[in-house]
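Per-entry structural report
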Amino acid sequence: MAKFLTNRDENYSQWYNDLVIKADLAENSAVRGCMVIKPYGYAIWEKIQAELDRLFKATGHVNAYFPLFIPKSFFSKEAAHVKGFAKECAVVTHYRLKNDENGNVVVDPTAKLEEELIIRPTSETIIWHSYKNWIKSYRDLPILINQWANVVRWEMRTRLFLRTTEFLWQEGHTAHATREEALEEAEKMINVYAGFSENSMALPVIKGYKSENERFAGALDTFAIEALMQDGKALQAGTSHFLGQNFAKAFDVQFTDRTGKLDYVWATSWGVSTRLMGAIIMGHADNHGLVLPPKLAPIQVVIIPIYKNIEQLGTLSDTAKKIKAGLEALGISVKYDDRDNNKPGWKFADYELKGVPVRLAIGPRDLENNTIEVARRDNLTKETIPIDKIYEHIPKLLDDIQENIYNKALNFRKENTFYVDKWDDFLKVLDNQGGFIMAHWDGTVETEEKIKEESKATIRCIPFDSPEEKGKCVYSGKPSNRRVLFARSY
RNA sequence: CGGGGUGUGGCGCAGUUGGUAGCGUACUACGUUCGGGACGUAGGGGCCGGAAGUUCGAGUCUUCUCACCCCGACCA
């Protein structure tokens with residue numbers, strides 16, 4: 001049936017691309033590496049945004065907005081930060097165009113900027129520049145701000161949603177009076193992300209510390225959530241950084257504490273991006289198309305009429321519209337698709353491709369029996385039930401689907417997590433099926449880099465809950481106190 | 001930046017030794033259909049990525065360019 005999609009097992013990345021295009025989520029644009037997010041894809045992003053925004057506000061944060069442009073000089077203030085982003089910055093050098101003698105549009109050389117502007121790859125610098133003016137006393141703290149924005153990172157290779165030159169995200173930037181409070185904030189937010197991922201996206205994640213090598217540019221500690229995709233590769237789904245006093249020092253943000261002493265402010269930053277769309281796709285979708293978690297599906301239930309003529313459609317529509325209204329009253333988003341230009345079979349396939357969790361089909365046979373056909377996307381099963389039962393049945397079914405796809409993803413991860421002690425086995429696992437590898441590591445950057453060179457796997461994180469366990473580094477054989485999470489990643 | 005590939009109606013493709021562009025699909029109209037991607041009939045839509053050259057004649061040959069996609073190195 002899924003002849004419209006590349007088979008997932010034959011060519012995973014082609015399957016992914018096909019899916020994004022054919023499910024009408026996004027398409028490539030006229031600008032290299034930048035995508036057009038189409039209405040259906042954007043609707044999913046809006047659901048993600050709405051829930052995250054709710055969670056941020058529930059944990060005391062407020063939204064604000066800072067400029068797209070950052071003066072170049074700001075970047076030179078935090079050394080590690082500039083080193084991390086310098087290679088991928090878009091730079092604005094002029095502010096005017098003009099027509100030349102041949103009628104071509106050219107950059108007006110007289111309109112050169114005194115100081116170039118960087119299009120933000122992330123906003124720490126411009127935000128901390130503002131915070132300097134906002135913070136004088138411990139009474140001004142904490143500042144708990146989030147920003148919904150677009151950022152630009154001039155990546156060499158891009159993929160729809162997973163890595164685009166411009167992407168949408170949220171970035172939280174908080175300021176605190178104490179080290180403990182900032183650390184607590186950074187941990188709190190990685191927990192918010194993990195909760196969102198598991199509850200809303202139905203994707204289990206591993207929370208942990210990033211190794212020094214993988215840490216955010218300018219951070220003292222980076223926490224991350226890592227999800228396992230169906231091709232055995234890891235996807236970093238969110239990060240939360242403990243920035244220490246680095247940015248406060250770089251931007252000279254000091255405050256007077258309770259005892260009248262001057263100190264630098266403690267900081268965190270945290271973010272998730274449209275990459276989460278990629279996580280949802282690669283975490284759940286199958287050869288029939290997307291499988292959306294009910295909590296993030298723009299359309300949770302679609303109703304499709306099956307009819308022989310217009311009169312019949314009229315009768316069916318009366319019932320279908322009643323059902324739609326009844327379900328909507330329960331807070332469920334419903335689409336009634338009575339378009340006449342496609343047959344039912346076509347619509348079935350199309351909504352499967354789009355990952356709509358529940359499909360209701362209603363035809364003359366059902367009208368006679370007062371029944372309706374209920375099909376679920378996650379396992380593609382169908383059942384016929386009495387119409388008056390659906391108001392009770394559908395909400396439960398949506399919950400059930402949400403839970404089922406979570407469990408499916410969790411089982412997949414369990415089956416593809418390997419405890420490995422020998423280097424040979426390490427390589428074998430990666431070449432056979434990929435997946436998560438829990439292995440001992442001697443804690444050195446050199447070993448981490450050698451492992452990356454020879455296996456293309458990186459330390460995804462040092463899991464918070466990785467128990468203390470004496471062992472030997474899988475690569476160097478040197479002693480180690482706990483296992484860390486390795487994988488090839490996106 | 002290296003390796004590979006592709007540019008021809010909206011989309012997917014064909015186009016032979018150079019001879020004036022075709023198929024599928026989508027679209028429009030009408031009719032028959034409608035419980036897993038229906039069918040018939042009629043219709044509209046393309047200076048073949050761009051430039052220069054060879055030729056009586058170029059989608060096709062030559063040179064140069066541009067763009068995009070895929071695979072690596074870099075990254076959320």
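Keep in mind that this is a model prediction, so the values were computed, not measured. (Residues numbered from 1 in each chain as written. Chains lettered and ligands numbered in written order. Predicted model: local features only at pLDDT ≥ 70, side-chain atom pairs only at ≥ 80, totals over all residues. Heavy atoms only, no water.)

Within chain A, the secondary structure is distributed over 14 helices and 26 strands. In terms of overall size, chain A behaves like a compact globule, its C-alpha atoms giving a radius of gyration of 26 Å where 490 residues would be expected to give roughly 23 Å. Taking the principal axes of its C-alpha atoms as reference, chain A extends roughly 80 × 70 × 55 Å. Within the span of chain A, comprising 490 residues, buried residues form 53% of the whole. For chain A, the share of sequence-separated contacts (at least 6 apart) that also reach a separation of at least 24 residues comes to 69%. (Helix = DSSP H or I, 4+ residues; strand = E, 2+ residues; numbered from the N terminus. Rg over C-alpha atoms; globule rule 2.2 N^0.38 Å. Buried < 20%, exposed > 50% of the residue type's maximum accessible area, 1.4 Å probe, protein only. Contact = heavy atoms within 4.5 Å.)

So, about the sheet that holds strand β19 (residues 358-362). As summarised here, the arrangement of the 5 strands in space is β18-β17-β19-β20-β21, forming an open sheet in which the pairing is mixed. Two strands close off the open sheet at either side, each with one partner strand: β18 (334-336) and β21 (382-386). Strand-to-strand twist across the sheet, computed as the mean angle between neighbouring axes with direction ignored, equals 25 degrees. Looking at chain direction, strand β17 (residues 301-305) and β19 are connected through 5 bridges and run parallel. Residue pairing in the sheet places Val 301 in a bridge with Val 358 of β19. (Pairing = 2+ DSSP bridges. Axes fitted to C-alpha atoms, helices over the stretch in contact; angles between N-to-C directions.)

So, about the sheet that holds strand β8 (residues 112-119). Reading across from one edge, β4-β8-β5 is the order of the 3 strands in this open sheet, with antiparallel pairing throughout. Both edges of this open sheet fall to β4 (69-71) and β5 (91-94), since each of them pairs with a single strand only. Taking the axes of each pair of neighbouring strands and ignoring which way they run, one obtains an average angle of 40 degrees across the sheet. As judged from the 3 bridges shared by β5 and β8, these two strands associate in the antiparallel manner. Paired with His 94 across the two strands is Lys 112, which belongs to β8.

On to the domain arrangement of chain A, then. One can read the domain layout of chain A as domain 1 (12-82 + 122-284), domain 2 (299-396) and domain 3 (417-487). The centre of domain 1, based on its C-alpha atoms, is set 39 Å off from the matching centre of domain 2. Between domain 1 and domain 2, the contact holds 5 residues from the first and 4 residues from the second. Buried area between domain 1 and domain 2, both sides added, is near 430 Å², and the carbon and sulfur share of it is 63%. When the buried area of domain 1 at its contact with domain 2 is split by residue, Lys 22, Ala 23 and Tyr 40 rank highest and sum to 75% of it. Where domain 1 packs against domain 2, one counts 0 salt bridges. Per-class residue counts for the side of domain 1 that touches domain 2 are 3 nonpolar, no polar and 2 charged. (Domains from an automatic or database assignment. Buried area = accessible area lost by both parts, 1.4 Å probe. Salt bridge = Lys/Arg side-chain N within 4 Å of Asp/Glu carboxyl O. Nonpolar A, V, L, I, M, F, W, Y, C, P; charged D, E, K, R; others polar.)

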